[in-house]
Amino acid sequence: QVAIDHGGYAQVSYLIADWLRPYLRGEHLTMSSDEVYFTTPSQERVLGGLRFELIETVAVKAEGGWVERSGRDGALVALQACWFY
């Protein structure tokens, strides 16, 4: 038997200024109970945030929302720094 995992997301955002982008995102992830390599639980998320682009390759994101992981609900708040090359 093969474990079948699937997931996806939809996101909308709008560029307000060259450096500021608010966004909304919905995520879905279903992990099979037979999964042996990944320990991420099945979950649903609804998130919103602000992305501040400091320079072309570096951004800081502040986001918050709601997450349900395998039947447990809770609020989510995160601050992330991202860089791309």
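Residues numbered from 1 in each chain as written. Predicted model: local features only at pLDDT ≥ 70, side-chain atom pairs only at ≥ 80, totals over all residues. Heavy atoms only, no water.

Participant: Just checking my understanding: could you explain the sheet that holds strand 1 (residues 6-13) for this structure?
Facilitator: Consider a sheet: its strands pair through backbone hydrogen bonds, and that pairing is either parallel or antiparallel. Sheet architecture is open: five strands sit in the order 1-2-3-4-5, paired in antiparallel fashion. Looking along the sheet, the strands with just one partner apiece sit at the ends: strand 1 and strand 5 (72-83). Averaged over all pairs of adjacent strands, the angle between their axes in this sheet comes to 20°, without regard to strand direction. Two elements, strand 2 (residues 20-30) and strand 3 (residues 43-55), share ten bridges in a ladder whose sense is antiparallel. Note on strand 3: the bridge partner recorded for Pro22 is Leu50. (Pairing = 2+ DSSP bridges. Helix = DSSP H or I, 4+ residues; strand = E, 2+ residues; numbered from the N terminus. Axes fitted to C-alpha atoms, helices over the stretch in contact; angles between N-to-C directions.)

Participant: What is the right way to look at the pattern of salt bridges in this model?
Facilitator: Where charged atoms from two side chains of opposite charge come close, those side chains can pair. For the structure on display, the rule yields four salt bridges. The partner of Glu27 in a salt bridge is Arg45, with the nearest N and O atoms 3.6 Å apart. Here Arg45 lies in strand 3 and Glu27 lies in strand 2, a separation of 18 residues in the sequence. The class for Glu27 is partly exposed, based on a relative accessible area of 23%. Between Glu53 and Arg51 there is a salt bridge whose closest N-O contact spans 3.3 Å. Salt bridges here are not isolated pairs; linked through shared partners, they connect Arg25, Glu27, Arg45 and Glu63. (Salt bridge = Lys/Arg side-chain N within 4 Å of Asp/Glu carboxyl O. Buried < 20%, exposed > 50% of the residue type's maximum accessible area, 1.4 Å probe, protein only.)

Participant: Just checking my understanding: could you explain the pairing of strand 3 for this structure?
Facilitator: Consecutive side chains along a regular strand alternate between the two faces of the sheet. Judged from the twelve bridges that link them, strand 3 and strand 4 (residues 58-69) form a sheet pairing that is antiparallel. Across the sheet, residue Arg51 finds its bridge partner in strand 4, namely Lys61. Here strand 3 folds back onto strand 4 in antiparallel fashion, the turn holding two residues.

Participant: What's the story with a nonpolar patch on the surface in this structure? I'm lost.
Facilitator: On the surface, a cluster of nonpolar side chains totalling about 440 Å² of accessible area is made up of Val36, Tyr37 and Phe38. On the secondary structure map, Tyr37 appears in the loop between strand 2 and strand 3. Look at Tyr37 and you get exposed, because its relative accessible area is 72%. (Patch = residues over 30% accessible without salt bridge, like charges linked within 9 Å, V, L, I, M, F, W, Y side chains within 5 Å. Areas by Shrake-Rupley, 256 points an atom, 1.4 Å probe, with all protein chains shown as cover.)

Read these as geometric descriptors, not functional statements.
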